[in-house]
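Given next are the chains, with one letter for each unit.
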Amino acid sequence: MSGPLEFYGAQTDVRLVHVFAKGRKSRRIANDPGRTPRENASWLASDALELKLGHTAVRSFHSVALISPRMVFWHHCRGRPALRILGRQSVTIPVIPTMSKTLSLAHLSIEPGQRTRGLVPVEVKGQTVQLPVFLINGIRPGPRLVVTAGIHGAEYPCVEAAIRLGRSIDPEALSGQLIIVPSANPVAFRARSIYVTPPDGLNLNRQFPGDPEGSFTQVWADWLFRNVITVGDMYIDMHGGDMIEALIPFVAITLTGNPAVNETAERMARAYGIRAFLAKEGVGPIGGTTTGSAAVSNVPALLTEAGGQGVWHESEVDILQDGVRRVMTEFDMYAGIDDPGEEAERLGGWDWLRADVDGLFYPSVAIGDEVERGQRVGEIKDIFGETLRTYDAPVGGEVLFLVTSLAMNAGDPLMSIAWK
Ligand SMILES: [Zn+2]
């Protein structure tokens, strides 16, 4: 590799791509100010990369300078920094970063080597939501990772894990940038609300990418999606069982039609250090989630879950924050931690059982239990103790999460069973 290398480290904009082909003059293939960054990104992914950077052609290029939030990853290629270009043709090309960038979110803005934190006020339907944000701008260039917690207001270990990450990651030791939101649904957090967000009673994690003209939760989802969730190269959304749920720790990704995004998401999942790993084909029946919607927008995204039942324990906080550190290590952003955690085991899929009647729920299994297809897993009784419904396992597998409240409402989840 020789000659000038230009890195327009514009992790927020698509600006310019120079391709330095061997034996040829450098060639500018994309710099259309008439396009939005998103349009430029999809144009590059679909046409330019196919035509100009297809496998054959790419071998004759010796460097590329670049690019966009969703197309580039720092990587090491035979020990050297490299760019990974995400498109239908996914290739890795050695390149040397030459500049880092300011990291900004709303009024917060820092230079490489700095950190800051603050509340970002956002007007939503006449209310001011104060969003807590940590920004950490690495001294060296690298990917931008976005981490959120508390999308559901009563899931606590993830919130504590995010606070600790925000306070402890050292910008002097970081390659890349980190945006951490420890409470992404502050209204629901204050209300200690289960599943839903006051004032409209919607589940925030079914509303993405949101609707700027919709109700409170939909407007909030739209703001978060545009200003936080999709502004990085990778996204991790930390959850846990809600106040009425127990679960065994698991990680999950949504597979889309973009193999490069799928591949990065799977690397994130396998690096995290949690055994139970679900890879969902497409968004499926549970739509509108943070990570599913991010994946559809070509942001590699990982859902992680630990803890529940309205409490938080050090062990669960550690599972979640260690996982984020392991992902940063996997992508050469931060020094590793000694313990690699559990080895990921990809599960075949999961089924959710739901209540079809109001009443009192009596599960006959516990989280982590292996059940056989047809096995009785619980029943719902009325307030006089008469059985209204019984529930049998629709598949054999492992009980991943379980609702633990006695009170049960028709339509609510009862448990999920994951099969191998
Ligand atoms: Zn959740």
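Predicted model only: the values in this text are computed from it and were never measured. (Residues numbered from 1 in each chain as written. Predicted model: local features only at pLDDT ≥ 70, side-chain atom pairs only at ≥ 80, totals over all residues.)

Asker: Hey, could you run me through the overall build of the protein in this one?
Answerer: What the protein contains, in helices and strands, is eight helices and 26 strands. Burial analysis of the protein (420 residues in total) assigns 48% to the buried set. Look at the contacts in the protein between residues 6 or more apart in sequence, and 68% of them connect residues 24 or more apart. (Helix = DSSP H or I, 4+ residues; strand = E, 2+ residues; numbered from the N terminus. Buried ≥ 20, exposed ≤ 12 C-beta atoms within 10 Å, placed from the backbone. Contact = placed C-beta atoms within 7 Å.)

Asker: Help me out: how do you make sense of the sheet that holds strand β12 (residues 175-181) in this one?
Answerer: The strands making up a sheet associate through backbone hydrogen bonding, with each pair oriented either parallel or antiparallel. Reading across the sheet, the nine strands line up as β9-β10-β12-β11-β13-β17-β15-β16-β18 and stay open at both edges, with mixed pairing between neighbours. Two strands bound the open sheet, and with one partner strand each, they are β9 (115-124) and β18 (345-347). Pairwise comparison of adjacent strand axes, ignoring direction, gives a mean angle of 25° for this sheet. As paired strands, strand β15 (residues 250-255) and strand β17 (residues 301-305) are joined by three bridges and run antiparallel to one another. (Pairing = 2+ DSSP bridges. Axes fitted to C-alpha atoms, helices over the stretch in contact; angles between N-to-C directions.)

Asker: I tried to follow the sheet that holds strand β20 (residues 359-363) on my own but got confused; where do I start?
Answerer: What the four strands build is an open sheet, ordered β23-β22-β20-β25; its pairing is antiparallel. Each edge of the sheet is formed by a strand with only one pairing partner; in this case those strands are β23 (387-392) and β25 (407-408). Of the strand pairs in this sheet, β20 and strand β22 (residues 376-381) are connected by four bridges, and their pairing is antiparallel. Across the sheet, residue P363 finds its bridge partner in β22, namely G378.

Asker: Please clarify how the nonpolar core should be interpreted in this entry.
Answerer: Where a protein is soluble and globular, its nonpolar side chains tend to be buried together. With 97 residues, the main nonpolar core has V147, A162, V251, L302 and L400 as its most contacted residues. Among the elements that make up this core, the one with the highest residue count is helix α5 (residues 216-229) (eight residues). Those residues within four positions of A162 in sequence are excluded, and the remaining contacts are V147, A149, I180, P182 and M238. (Core = buried A, V, L, I, M, F, W, Y, C linked by C-beta atoms within 7 Å.)

Asker: Sorry, what's going on with the pairing of strand β26 (residues 413-419) here?
Answerer: Looking down a regular strand, the side chains alternate between one sheet face and the other. Of all seven residues in β26, five are buried, a share of seventy percent or more. Relative to β26, strand β19 (residues 349-354) is paired through six bridges, and the arrangement is antiparallel. Across the sheet, the residue bridging to W350 is A418, located in β26. Bridge count for strand β24 (residues 397-403) against β26 is four bridges, and the pairing is antiparallel.

Asker: Teacher, can you tell me more about unusual backbone geometry here?
Answerer: With glycine set apart, most residues show a phi of negative sign, and most peptide bonds adopt trans. With omega at 5°, the peptide bond leading from P198 into P199 counts as cis. Along the polypeptide, P199 turns up in the loop between α4 (186-191) and α5. Omega for the bond connecting F208 with P209 falls within 30 degrees of zero, at 10°, which places this linkage in the cis form. Examined against the element boundaries, P209 turns out to sit in the loop between α4 and α5. Positive phi, close to 60°, is recorded for Q309, a residue that is not glycine. Within the secondary structure layout, Q309 lies in the loop between β17 and α8 (314-330). For D332, which is not glycine, the phi dihedral falls at a positive 60°. If you trace the backbone, D332 turns up in the loop between α8 and β18. Here D332 falls in the partly exposed class, since 18 other C-beta atoms lie within 10 Å of it.

Asker: Honestly, helix α6 (residues 259-271) in this entry has me stumped. Any pointers?
Answerer: Since the α-helix advances by 3.6 residues per turn, residues separated by three or four positions end up pointing in the same direction. In this model, α6 (13 residues) spans 18 Å end to end at C-alpha, consistent with the 18 Å of a helix rising 1.5 Å per residue. Listed as buried for α6 are A260, V261, T264, A265, M268, A269 and A271. Positive phi shows up at G273, right after α6, with a value of about 95°. (Expected span 1.5 Å × (residues − 1).)

Asker: Teacher, can you tell me more about the packing of helix α3 (residues 157-168) against α8 here?
Answerer: The description of two packed helices rests on the angle between their axes and on the distance between the axes. Axis separation between α3 and α8 bottoms out at 8 Å; the angle between their running directions is 50°. Comparing the axis directions of α3 and α8 gives the class oblique. Considering the relative orientation of α3 and α8, their crossing is right-handed. Facing P157, C158, E160, A161, R164 and L165 of α3, the residues of α8 in contact are E316, V317, L320, Q321 and V324. Taken together, the residues of the contact of α3 with α8 sort by class into seven nonpolar, one polar and three charged. (Parallel < 35°, antiparallel > 145°, perpendicular 65-115°, else oblique. Left-handed = near helix turned anticlockwise from the far one by under 90°. Nonpolar A, V, L, I, M, F, W, Y, C, P; charged D, E, K, R; others polar.)

Asker: Hey, could you run me through the environment of K125 in this one?
Answerer: Inspection of the secondary structure assignment puts K125 in the loop between β9 and β10 (127-137). Linking K125 and F216, residues 91 residues apart in sequence, is a C-alpha distance of 6.0 Å. Here K125 is in contact with F216 and V219, once residues within four sequence places are set aside.

Asker: I'm lost on α3 in this one. Help?
Answerer: For α3, built from twelve residues, the straight-helix expectation of 16 Å at 1.5 Å per residue is met to within 8% by its first-to-last C-alpha distance of 16 Å. Taken together, the buried positions of α3 are P157, C158, V159, E160, A161, A162, L165 and G166. Against β9, β10, β11 (140-149), β12, β13 (234-239) and α8 lie the buried residues of α3.

Asker: I tried to follow the environment of F225 on my own but got confused; where do I start?
Answerer: Take F225: it is sitting in helix α5. Residues F225 and T290, 65 residues apart in the sequence, show an inter-C-alpha distance of 7.8 Å. With near-sequence residues (within four places) excluded, F225 lies in contact with F208, P209, G210, T230 and S293.

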